[in-house]
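Fold and geometry: a report
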Amino acid sequence: MQNDHIAELEKRINDLEGKFHYVDKLAGEVAHCRKTEEILQRRLEFEEIVTEITTGFINLLPGEIDPGINKALAKVGEFIGAERCYVFQFSEDGKGMSNTHEYCVDGVKSRLADLVDLPSAEYQWTLGQLREVGTLLVGGIEAFPAHAEHEKREFEQAGIKAFVVFALKIKEKLIGFVGFDWINKECDDLGYVVAHLKMLGLVIASTLERQRLESRREETIAELHKKQESLLTLSIRDELTGLYNRRHMEESLTREISRALRHKTSLAIIMLDLDYFKRVNDNYGHMAGDLVLVEVGRFLGERSRGEDVVCRYGGEEFVIIMPGASLEDGMKRAEDICREAPENIRVKYRDMNLPDITLSLGVAAYPEHGETSSLLLYNADNALYQSKKGGRNQAASA
C-alpha cells in the first residue's frame, strides 16, 4: 500500500517536472519571439530612416547637399550608436583624400580640419578592402594585418574601439567612403544594418556626384560667360588703348542721335588729333608712339563723364560723344582737354622723356551741325581741320 502511494507521488512529481520544462521552454520561446520582434522593429525603424534620407536627397538643391549629408550622418549615427560619422572624398587624381563631412556626439573632438589631403597610398589595405568588398568592419586592433601598420597606428592614436566603412562608388570607381567610429563605448552587432548602410553609401555617392557635376556645370557656364564678355570686349574695344573702337563709336552715335531726337535734347561730339604724332614715330619708334596713344586714351577717359563714349577713331584720332551736351558744353570740354594735355600726358621711353604732347580738337553738335552721324562727324572733322590750320594746340567749333 505504501509502495503504491510512493509510486503515485513519483508520477505526480514527474508530471510537474514535465510541465515545468514545458513552461520553461514556452517562456524561452516567448522571450525569443520578443527579441525577434525587437530586432524586426529596429530594422523597420532603420529602414524608415534610410528611406527618409534617400527621399530627402532627391529633392536637395545644390547648396543644400553638404548640410543634408551632415544631417544624414547625424541621424544614422544616433540610431546605431556611433560617436563619429564621416565622409571622405578623393582628389581628382585619386592620390589624396579629405574628410569633407562629419558628425560627432558631444565630447568627441572633430577631426574635420585635420584630415585634409591625406596620401591615399598610406591607406592601401582599407581602400583595397573597399574596392574589393565594398565594406570594412574592424572590431579591434587585432583585425589589422601586418602590412597595415600605418592604419593600425592611426586606429590606436585616435582611440577608436571599432569602425565600419562603406565604399562610395560611381560606375565602379571608388570616389570615397562613409564611416562610423565607436570611441568610448563598444560597437553593437551591426549585421542587421549593414545592407542598409550600403544603400546609404550608394545614395551619398550619387548625391556627391550630382553635386560635382552641378559644380562643374556652373564653372563651365561661368567660363563661357567670361569668354563671351571677353569676345564682346574685343569686338567693341580698341586693343591698344582699351577705349571703344570705331565700330562701337558709329553704333553709339547713331543710337544717341535717335535718343536725342526722341527726348528733344542736344548732343555734342569732339574729334581730336595728336599734333606732330608722325615725328614721335619717326624719331623714337612705333613702340614709343603706342605708349603715347595709351597715355592719351587714359587721359581722355579720366576727363569724361560716365555717360560719355570715348573712342579711338583710328590712328592718332579720337572721338568723344557727349549725350545731352550743348555746343557750348562741348567747346568748354575741348578747351579744357587742350589746355591740360601737355601737363598730364607724360611719356617716358627707354629712360628718355618724350616731348610734350599737344592736341587739336574740333567740336560739332546735334542738331545745329547735322541730324545724322555721318554729317556730325563730317562737320567735327572740318572743325578739327580748322584747328590744325590755325596753328594746332587749340579747339574750334563747326
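If you're wondering where the values come from, they're calculated on a predicted model, not measured in any experiment.

For the rest of this paragraph, the subject is the pairing of strand β2 (residues 96–104). The buried fraction of β2 is high, at eight of nine residues. As paired strands, strand β1 (residues 84–90) and β2 are joined by seven bridges and run antiparallel to one another. Each bridged residue has a counterpart across the sheet, and for Arg84 the counterpart in β2 is Cys104. Taking the residues that link successive antiparallel strands as the turn, the β1-β2 hairpin has five residues, and the phi of Gly94 there is positive, at about 80°. Sheet topology note: the β2/strand β3 (residues 118–119) ladder contains two bridges and is antiparallel. Note that in β3 the partner of Gly96 across the bridge is Pro119.

Quick look at the nonpolar core now. If you look at the biggest cluster of nonpolar residues, it comprises 34 residues, and the most contacted ones within it are Leu274, Val292, Leu300, Leu359 and Leu361. Listing elements by their share of this core, those giving two or more residues are β7 (267–274), α7 (277–284), α8 (286–302), β9 (317–323), α9 (327–344) and β12 (359–366). Formed by 33 residues, the second largest nonpolar core is a distinct cluster that contains Leu73, Phe79, Val164 and Ile170.

Further remarks concern the state of the cysteines. Following the criterion strictly, the structure yields zero disulfides and no others. No disulfide involves Cys104; its sulfur sits 7.9 Å from the nearest other cysteine sulfur, which is in Cys85.

Here the focus is the pairing of strand β6 (residues 173–182). Taken across its 10 residues, β6 has nine buried, putting it largely inside the fold. Bridge count for β1 against β6 is six bridges, and the pairing is antiparallel. Looking at the pairing, Phe88 lines up with Phe177 of β6. Direction of pairing for strand β5 (residues 162–170) relative to β6: antiparallel, over a ladder of nine bridges. Along β6, the bridge assignment pairs Val164 with Phe180. Counting the residues that bridge the hairpin from β5 to β6 gives two residues, and of these Lys171 lies at a positive phi of roughly 50°.

In this section: the sheet that holds β5. For sheets, the rule is that strands pair by backbone hydrogen bonds, running either parallel or antiparallel. In space, the six strands of this open sheet follow the order β3-β2-β1-β6-β5-β4, with antiparallel pairing throughout. Taken across any chain shown, the strands that pair with only one partner, and hence form the sheet edges, are β3 and β4 (135–138). Here helix α3 (residues 124–132) sits on the sheet and contacts β1, β4, β5 and β6; the angle it forms with β4, its principal contact strand, is near 130°.

We now examine the environment of Trp182. As for its position among the elements, Trp182 is in strand β6. For Trp182, a relative accessible area of 1% gives the class buried. Taking the C-alpha atoms as reference points, Trp182 and Phe163, 19 residues apart in sequence, are found 6.1 Å from one another. For Trp182, the side chain forms a polar contact with the main-chain oxygen of Gly81, separated by 3.1 Å.

Parameters and conventions
- Residues numbered from 1 in each chain as written.
- Predicted model: local features only at pLDDT ≥ 70, side-chain atom pairs only at ≥ 80, totals over all residues.
- Heavy atoms only, no water.
- Buried < 20%, exposed > 50% of the residue type's maximum accessible area, 1.4 Å probe, protein only.
- Helix = DSSP H or I, 4+ residues; strand = E, 2+ residues; numbered from the N terminus.
- Pairing = 2+ DSSP bridges.
- Core = buried A, V, L, I, M, F, W, Y, C linked by side-chain atoms within 4.5 Å.
- Disulfide = S-S within 2.5 Å.
- Contact = heavy atoms within 4.5 Å.
- Axes fitted to C-alpha atoms, helices over the stretch in contact; angles between N-to-C directions.
- Polar contact = N/O pair within 3.5 Å; in protein donor to acceptor, adjacent residues only side chain to side chain.

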